[in-house]
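# Structural characterization, general
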Amino acid sequence: MASKSPVRHRQSPRRRSPSRRQESSRSPSPRTKRLRRAQGEREVGRSREREDSRGGREKRERERRREGDKEKTRRDVTDMEVGDKRRRSSGREEAEERKRVGTDDERQTRGRRERSTSPLDRKSKRSPERASAASRHDEGSNAMGSGTEPNDEDDSIARMKAAEEALAAKKKEEPSFELSGKLAEETNRYRGIALLFNEPPEARKPNKRWRLYVFKDSEPLDEPLQLHRQSCYLFGRERRIADIPTDHPSCSKQHAVIQYREVTVEKPDGMEEKQVRPYLMDLGSTNKTYINKEPIEPQRYYELREKDTIKFGNSSREYVLLHEGSTE
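Everything in this summary refers to the structure shown in the same document. (Residues numbered from 1 in each chain as written. Predicted model: local features only at pLDDT ≥ 70, side-chain atom pairs only at ≥ 80, totals over all residues. Heavy atoms only, no water.)

## Brief notes about the side chain of Arg261
Relative to the helices and strands, Arg261 is located in strand 8 (residues 256-266). At 3.0 Å, the side chain of Arg261 forms a polar contact with the side chain of Glu202. Contacts of Arg261, omitting those with residues within four sequence positions, involve Pro200, Glu202, Gln275, Val276, Arg277, Tyr279 and Tyr301. (Helix = DSSP H or I, 4+ residues; strand = E, 2+ residues; numbered from the N terminus. Polar contact = N/O pair within 3.5 Å; in protein donor to acceptor, adjacent residues only side chain to side chain. Contact = heavy atoms within 4.5 Å.)

Okay, structure coming up:
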């Protein structure tokens, strides 16, 4: 038999499993990405919660320390006050005890002197000079004993003052936001002069055409002064700010003012309506302002009526108030 020639069969190539390196080089699936992202967010949230809890603990610890410091200072102050009171009471008690002992000794010595009637006892008695010296010594010792009380009181008062100053030094001075009046003074200036008068909120222009007729020695002067174009008119010697100058030497620089004000008036039928009426105010002048020859009080409104006569200071000029509908 012919021997069979050995035939080499090729082995089919085996499929090798991918290596670990290849597996690691592959990109993760979307699911693993989401899982990792969620895990990272959880870790970040946990770390933040830990930091917040640490911060809250530190804050609470600080507040506790502050409260403890405040309580300690209060206790120290109360202890100082109690100690001072005790010292005062002890000093007073000691002074009273010394006074009592001194009075008892004096009584005993007096009793012995009264009992001793024999000449030997008289010889054994002290001379008057020695007795007076001894009494002075006793009085000095009593005075020294009683003098301890005010010293203790002074020390306690000084300590209390020192404690109060220490507590006050801890508190900062709060700023004052009250009105000083400087701004109002600066804004109430006209042509560099501070005005003595401010218009009230109810200031209005008049509805009627009021006029002032000027008379001197019962004779009219010039044309009447129109008083319906403004809500107020200033009278005075200062021509830079006066609406109606009064050049008489007895008049002040800012003498008086006529102010129109809106007021509520009741009608005869009981209804109310608003009207604009003239008022006169003296601005603290030296020689006063007169309405119908009667002086008026300064810094006070006086209502003017038709045909009222106004006079300023010692001037002989008279101002009569009329309007366009007035009848002579």
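## Section: the nonpolar core
Core analysis: the largest hydrophobic core is formed by 20 residues, its most contacted members being Leu212, Leu227, Ile258, Leu280 and Ile310. Counting residues per element, the ones that place at least two in this core are strand 3 (210-216), strand 6 (232-236), strand 8, strand 9 (272-282), strand 13 (309-312) and strand 14 (317-323). Excluding its chain neighbours within four sequence positions, the residues that come into contact with Ile258 are Leu212, Leu227, Ser231, Cys232, Tyr233, Phe235, Tyr279, Leu280, Leu304 and Ile310. Within the second largest apolar cluster, 8 residues are counted, among which are Leu234, Ile241, Val257 and Met281. (Core = buried A, V, L, I, M, F, W, Y, C linked by side-chain atoms within 4.5 Å. Buried < 20%, exposed > 50% of the residue type's maximum accessible area, 1.4 Å probe, protein only.)

## Description of the side chain of Gln254
Structurally, the position occupied by Gln254 is in the loop between strand 7 (244-245) and strand 8. Using a relative accessible area of 10% as the deciding quantity, one classes Gln254 as buried. Engagement of the side chain of Gln254 in a polar contact is seen with the backbone nitrogen of Leu196, the distance being 2.9 Å.

## Topic: the pattern of salt bridges
Going through the model one piece at a time under the given rule, you end up with 12 salt bridges. With its nearest N and O atoms 3.5 Å apart, the salt bridge here joins Glu273 to Lys267. Within the structure, one salt-bridge network assembled from shared partners comprises Glu71, Arg74 and Arg75. (Salt bridge = Lys/Arg side-chain N within 4 Å of Asp/Glu carboxyl O.)

## Some remarks on the layout of surface pockets
Empty space within the second largest pocket amounts to approximately 320 Å³. For the lining of the second largest pocket, the elements supplying multiple residues, two or more each, are strand 3, strand 7 and strand 14. Broken down by class, the residue content of the lining of the second largest pocket amounts to 8 nonpolar, 4 polar and 6 charged. (1 Å grid on protein atoms, 1.4 Å probe; cavity = no way out; pocket = protein on both sides within 12 Å on 5 of 7 lines; lining within 4 Å. Points joined across faces, edges and corners; volume = space filled by probe spheres on them. Nonpolar A, V, L, I, M, F, W, Y, C, P; charged D, E, K, R; others polar.)

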